[in-house]
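Remarks on the overall topology
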Amino acid sequence: MQCAVFDTYVKKKEGGLMHFDVIVPKDTRAGGWSGWRPFVVKQKVPESAEITSFYLYPGDEGEVVAFEPGQYVSVRLFLPELNLLQARQYSLSGAPGEPYYRISVKRESGLSKHPDGMISNCLHDPIGVGDAIRLTAPAGNFVLDTCKQTPVVFLSGGVGQTPLVSMAGHLIRSGSKREITWIHGCRNRSVHAFKDITTQWSRQSERFKSYVFYQASDQCPPENGYYAGMVELAPLREEVLRPGADYYLCGPAPFIRKQFGDLVSLGVSKEAIHYEEFGPQVLQLQ
């Protein structure tokens, strides 16, 4: 997963094949299951030069368990290079309420010898439409508080936007009156995933405000809401400092560390800041 805490792993041997499995608790919710359930890839949709979305439908044609915006699923694939079954966690990037799950995966070309990169690359190629993969039921505590009506600010770096897309999509689809501020940073236009949908949200709702930072200044379009360089909150002070707002951060550790510190410097209460980093969580911000 790009943004989730890893579950507990256990080394197992089945049929002469060694693998590391995830200890999966029984899910008692409607449509829930325990262990690994087969899902079929029915669509692969490129979101950017690096990120592709996978639309996963139950292989048994049953229902999917409802999930909270921000949760993830574990995916298990066989890696022939290692002769192992390996599990990896990916945030659900779609809004709840569909008969499928959507995950959006970045191709980790620079990690070809690392299991995380191998799984991501395996999903991109050779996994294709019609292929089956196995998932656990949705889990995770980095979730949107859907009971509140106060403003919400999303801050993402790179593919860290995937759980935030789910949160924002849920608010838009449900007709929520909450004010939404979307702040995203990435290297350039070619790797900017979900640009079309966030632009659409900005156009259809006055409550949704989007701000994007491109590190490559020569690719920054001459449009309102676009900035060159790394994500900086100072120019957006009025949009960021909303009374009673909650802040959801997701991205690599340096991104989260900086944004957390900048928010606190601007006077935001630490209790209002919720974050999740790529891969296993190691950050403990005070």
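Quick caveat: nothing in here was measured; it's all calculated off a predicted structure.

On to the packing of aromatic side chains. If you walk through the whole model with that rule in mind, you get 14 aromatic pairs. Among the aromatic residues, those joined into a ring-pair cluster are Phe 142, Phe 154, Trp 182, Trp 201, Phe 208 and Tyr 248. Across from the ring centre of Trp 33, 4.8 Å away, lies the NZ or CZ of Arg 37, which sits over that ring. Its guanidinium or amino end placed over the ring of Tyr 57, Lys 42 lies 4.7 Å from that ring's centre, counting from NZ or CZ.

Moving on: the layout of surface pockets. Left-over empty space is what a probe sized like a water molecule reveals as it rolls over the atoms. The calculated volume of the largest pocket comes to roughly 380 Å³. Around the largest pocket, the lining comprises 22 residues; the ones closest to its centre are Gly 157, Gly 158, Gly 185, Gln 215 and Pro 252. Those elements that place two or more of their residues in the lining of the largest pocket are strand 10 (180–186) and helix 5 (253–265). Across the lining of the largest pocket, the residue classes break down as eleven nonpolar, six polar and five charged. For the second largest pocket, the calculated volume is near 310 Å³. Along the wall of the second largest pocket there are 17 residues; nearest its centre are Thr 199, Ser 202, Ser 210, Asn 224 and Tyr 226. Looking at side-chain class alone, the lining of the second largest pocket contains four nonpolar, eight polar and five charged residues.

The next point concerns the sheet that holds strand 11 (residues 208–214). A sheet is described by the order of its strands in space; here six strands give the open sequence 12-11-10-9-13-14, paired in parallel fashion. With partners counted over all chains shown, the strands left at the sheet margins are strand 12 (226–228) and strand 14 (273–277), one partner each. Adjacent strand axes in the sheet meet at a mean angle of 15 degrees, parallel and antiparallel pairs treated alike. Inspection of the sheet shows strand 13 (residues 246–251) paired to strand 14 by five bridges, in the parallel sense. Bridged to Leu 249 within strand 14 is Tyr 275. With respect to the sheet, helix 3 (residues 195–204) is in contact with strand 10, strand 11 and strand 12, its orientation differing from that of strand 11 by roughly 145 degrees. Sitting on the sheet, helix 5 is in contact with strand 9 (152–157), strand 13 and strand 14, with an inclination near 160 degrees to strand 13.

Moving on, we get to the nonpolar core. Core analysis: the biggest nonpolar cluster contains 25 residues, and Leu 56, Val 75, Leu 77, Tyr 101, Ile 103, Ile 133 and Leu 135 have the highest contact counts within it. Put simply, the parts of the chain that give this core at least two residues each are strand 3 (37–46), strand 4 (51–58), strand 5 (72–79), strand 7 (101–106), helix 1 (115–124) and strand 8 (132–135). Discounting chain neighbours no more than four positions away, the residues touching Val 75 are Trp 36, Gln 86, Ala 87, Arg 88, Tyr 90, Ile 103, Ile 133, Arg 134 and Leu 135.

What follows is about the pairing of strand 5. Counting buried residues in strand 5 gives seven out of eight residues, a clear majority hidden from the surface. Pairing of strand 5 with strand 6 (residues 84–91), which is carried by eight bridges, proceeds in the antiparallel orientation. Its bridge partner lying in strand 6, Arg 76 is registered against Ala 87. Where strand 5 folds back on strand 6, the antiparallel hairpin that results is connected by four residues, among which Asn 83 adopts a positive phi of roughly 55 degrees. Inspection of the sheet shows strand 5 paired to strand 8 by two bridges, in the antiparallel sense. Within strand 8, the residue paired with Arg 76 across the bridge is Arg 134.

Reading guide: rules and limits
Residues numbered from 1 in each chain as written. Predicted model: local features only at pLDDT ≥ 70, side-chain atom pairs only at ≥ 80, totals over all residues. Heavy atoms only, no water. Phe/Tyr/Trp six-rings, centres within 6.5 Å; stacked < 30°, edge-to-face > 60°. Lys NZ or Arg CZ within 6 Å of the ring centre and 35° of its normal. 1 Å grid on protein atoms, 1.4 Å probe; cavity = no way out; pocket = protein on both sides within 12 Å on 5 of 7 lines; lining within 4 Å. Points joined across faces, edges and corners; volume = space filled by probe spheres on them. Helix = DSSP H or I, 4+ residues; strand = E, 2+ residues; numbered from the N terminus. Nonpolar A, V, L, I, M, F, W, Y, C, P; charged D, E, K, R; others polar. Pairing = 2+ DSSP bridges. Axes fitted to C-alpha atoms, helices over the stretch in contact; angles between N-to-C directions. Contact = heavy atoms within 4.5 Å. Core = buried A, V, L, I, M, F, W, Y, C linked by side-chain atoms within 4.5 Å. Buried < 20%, exposed > 50% of the residue type's maximum accessible area, 1.4 Å probe, protein only.

From the geometry alone we can't say anything about function, so treat these as descriptive.
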